[in-house]
Amino acid sequence: MQESAVLITNDAVVLGILATILGVVFYTSHSENRYCKAFYKYIPALLLCYFIPSLFNSFGIIDGEGSALYKVASRYLLPASLVLLTLSVDFKAILGLGPKALIMFLTGTLGIIIGGPIALTLMGTIFPQELGGDVWRGMTTIAGSWIGGGANQAAMKEVFEVQGDIFSVMITVDVIVANIWMAVLLWIASRADFFDKANGADTSGIKFLREKIEKYQAENSRIPSLTDIMLIVAVAFGVVGLSHAMADIIAPWIEQVAPQLAMYSLTSSFFWLVVIATTVGLILSLTKARNLEAAGASKIGSAFLYILVATIGMHMDITAILDYPHMFLVGLVWMAIHAGLLLVVAKLIKAPMFYMAVGSQANVGGAASAPVVAAAFHPSLAPVGVLLAVLGYGLGTYGAYICGLLLQQVAP
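Let us look at the structure shown here. Not measured: the values here are computed from a predicted model.

Calculation rules
Residues numbered from 1 in each chain as written. Predicted model: local features only at pLDDT ≥ 70, side-chain atom pairs only at ≥ 80, totals over all residues. Heavy atoms only, no water. Helix = DSSP H or I, 4+ residues; strand = E, 2+ residues; numbered from the N terminus. Rg over C-alpha atoms; globule rule 2.2 N^0.38 Å. Buried < 20%, exposed > 50% of the residue type's maximum accessible area, 1.4 Å probe, protein only. Contact = heavy atoms within 4.5 Å. Areas by Shrake-Rupley, 256 points an atom, 1.4 Å probe, with all protein chains shown as cover. Lys, Arg positive; Asp, Glu negative; His and termini not counted. Charge placed at Lys NZ, Arg CZ, Asp CG, Glu CD. Salt bridge = Lys/Arg side-chain N within 4 Å of Asp/Glu carboxyl O. Axes fitted to C-alpha atoms, helices over the stretch in contact; angles between N-to-C directions. Parallel < 35°, antiparallel > 145°, perpendicular 65-115°, else oblique. Left-handed = near helix turned anticlockwise from the far one by under 90°. Nonpolar A, V, L, I, M, F, W, Y, C, P; charged D, E, K, R; others polar. Core = buried A, V, L, I, M, F, W, Y, C linked by side-chain atoms within 4.5 Å. Patch = residues over 30% accessible without salt bridge, like charges linked within 9 Å, V, L, I, M, F, W, Y side chains within 5 Å. Polar contact = N/O pair within 3.5 Å; in protein donor to acceptor, adjacent residues only side chain to side chain. Phe/Tyr/Trp six-rings, centres within 6.5 Å; stacked < 30°, edge-to-face > 60°. Lys NZ or Arg CZ within 6 Å of the ring centre and 35° of its normal. Expected span 1.5 Å × (residues − 1). Arc of directions from axis to C-beta.

## Quick word on the overall build of the protein
Now for step 1: From N to C terminus, the protein includes 18 helices and 0 strands.
Now for step 2: Whereas a compact globule of 412 residues would reach a radius of gyration of roughly 22 Å, the protein reaches 21 Å, a difference of no more than 12%.
Now for step 3: The principal-axis extents of the C-alpha atoms in the protein amount to approximately 65 × 55 × 55 Å.
Now for step 4: For the protein, buried positions account for 53% of its 412 residues.
Now for step 5: Within the protein, contacts between residues at least 6 apart in sequence are counted, and of these 84% link residues at least 24 apart.
Now for step 6: Carbon and sulfur atoms make up 67% of the accessible area of the protein, which amounts to about 18200 Å² in all.
Now for step 7: Put simply, the protein has 21 plus and 24 minus side-chain charges, and the middle of one group is 15 Å from the middle of the other.

## Some points on the pattern of salt bridges
Now for step 1: For the structure shown, the criterion picks out 4 salt bridges.
Now for step 2: With a closest N to O distance of 3.4 Å, Lys37 and Glu32 form a salt bridge.
Now for step 3: Classification of Lys37 by relative accessible area gives partly exposed; the value is 46%.
Now for step 4: A salt bridge links Asp134 to Arg137, with the nearest nitrogen and oxygen atoms 3.3 Å apart.
Now for step 5: For Arg137, a relative accessible area of 25% gives the class partly exposed.

## A word on the packing of helix 7 (residues 135-147) against helix 15 (residues 326-349)
Now for step 1: Two numbers describe how helix 7 lies on helix 15: the axes approach to 12 Å, and their chain directions differ by 40°. By the angle between their directions, the pair helix 7 and helix 15 is classed as oblique. The way helix 7 lies across helix 15 gives a crossing that is right-handed. Along its contact with helix 7, which presents Val135, Met139, Ile142, Ala143 and Trp146, the element helix 15 presents Met327, Val330, Gly331, Trp334 and Met335.
Now for step 2: When grouped by side-chain class, the residues that make up the contact of helix 7 with helix 15 number 9 nonpolar, 1 polar and no charged.

## Quick word on the nonpolar core
Now for step 1: Met139, Trp146, Met327 and Trp334 are the most contacted members of the largest nonpolar core, which totals 123 residues.
Now for step 2: For this core, the element with the highest residue contribution is helix 9 (residues 164-190), accounting for 13 residues.
Now for step 3: For Trp146, the contacting residues outside a window of four places in its chain are Ile112, Val173, Asp174, Val177, Ala178, Gly331, Trp334, Met335, Asn363 and Val364.

## Some remarks on the side chain of Ser145
Now for step 1: Mapped onto the elements of the fold, Ser145 is located in helix 7.
Now for step 2: Residue Ser145 is classed as buried on the basis of its relative accessible area, which comes to 8%.
Now for step 3: If we ignore the near neighbours within four places in the chain, the residues touching Ser145 are Gln153, Asp174, Asn363 and Val364.

## Here's the deal with a nonpolar patch on the surface
Now for step 1: On the surface, Val72, Tyr76, Leu226, Ile229, Met230, Val233 and Phe237 cluster together into a nonpolar patch covering about 620 Å² of accessible area.
Now for step 2: For the nonpolar patch, the secondary structure elements donating two or more residues are helix 4 (69-86) and helix 12 (226-257).
Now for step 3: On the secondary structure map, Met230 appears in helix 12.

## Focus on the side chain of Ser67
Now for step 1: As for its position among the elements, Ser67 is in the loop between helix 3 (45-58) and helix 4.
Now for step 2: Since its relative accessible area comes to 11%, Ser67 is described here as buried.
Now for step 3: A distance of 3.1 Å separates the side chain of Ser67 from the backbone nitrogen of Leu69, its partner in a polar contact.
Now for step 4: The residues touching Ser67, leaving out its near neighbours within four places in the chain, are Asp11 and Met314.

## Describing the packing of aromatic side chains
Now for step 1: All told, the structure shown has 12 aromatic pairs when counted by the stated rule.
Now for step 2: Among the aromatic side chains, those forming a connected cluster through ring pairs are Trp136, Phe160, Phe271, Trp272 and Tyr401.
Now for step 3: For the cation-ring pair, Lys157 lies above Phe167, with the distance from its terminal atom to the ring centre recorded as 5.4 Å.

## Side note on helix 1 (residues 11-29)
Now for step 1: When the terminal C-alpha atoms of helix 1 are compared, their 27 Å separation across 19 residues agrees well with the 27 Å that a helix rising 1.5 Å per residue should span.
Now for step 2: Those residues of helix 1 not exposed but buried are Val14, Ile17, Leu18, Ile21, Leu22, Val25 and Thr28. Projected down its long axis, helix 1 shows its buried positions confined to an angular sector of 145°, all on one face. Seen from the buried face of helix 1, the exposed residues on the opposite side, beyond 90 degrees, are Ala12 and Tyr27.
Now for step 3: Where helix 1 is buried, its residues touch helix 2 (34-42), helix 3, helix 4 and helix 14 (297-313).
Now for step 4: For helix 1, the N-terminal cap is Asn10; the gap from its side-chain oxygen to the backbone nitrogen of Ala12 is 2.8 Å.

Structural measurements only, silent on function.
In structure tokens, the structure reads:
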């Protein structure tokens, strides 16, 4: 896009537009207005957060490529959101869910890690020209999204140097395929009793879990004070500063002593920025810092994340998917492998459909939609989806990176 064709070039104005878009989307998506409810029944709010900014970019209102907003969001808000989203990981509570819940969640993660390379191998033999080149790089962003979330997706975009045109395609495939699968999970939730009875699953633990969650919420949630908010900001950006400082030392050192590791992105400062921020967040979850979650740490982290999502949308070309229709087939095959593996393991260990559905959506949908699927079984179980999704944020960077290395090996 030529700068002369762009209507708005002031980044402060662009940021105001993006913030307004996010505000309108969130307000209307949670509105009780029957027209809004009918609209969002079919159009996911997350999709609009990506695509409305892309429309502004596509029609020359703003210049996504020329704006500095994405760099600011990816270098500062992304690691901050990773810290705040992993800060609430409660390893003890997760273990308390029982081995079947964790098995199903990790099975879903494994299905995504191996499903991408298998799907690319299968479809790459049929469409080698269409799925060659840098397509494998773009698929790493889907892996990041489907294991963790938007933050991990953005991290993979930077780590594997995914170009804007390919990334536009991957976002579209990601959102559409993921929402098709979510619809299937909601259908399964409405018939969970039938499936559990047919599978001989023991659901007594879910009742105990529901009661435990209700008690925890009543005892720990609070209205955040200014001190709480300032502590959340201090922890988030303190870790961001630490991560930048360490990344600036580690990456150049590796490049000097072992330049051959560049093929594994280990010489990338951004890679280390993301890994360090995630790791420190997980470590802090074992300390009293995790109490900041009761004051809304993950909500602030999510706000940072959605600003990042909007800046990513600025780089999208909505017509790009027309050039890569084969990627939809890859996405569907990929999700089918993920789903098939989950169903097989659920049958083998007699896991309740609740664990299968929430374990899957905690991977694929993240904290934005896993609670929706969990609540479809019972409203008080929605936090279970958040709990597993937060674990997904912690694993997303690592799992997607492993998937990326496998994709690189099988790429046509």
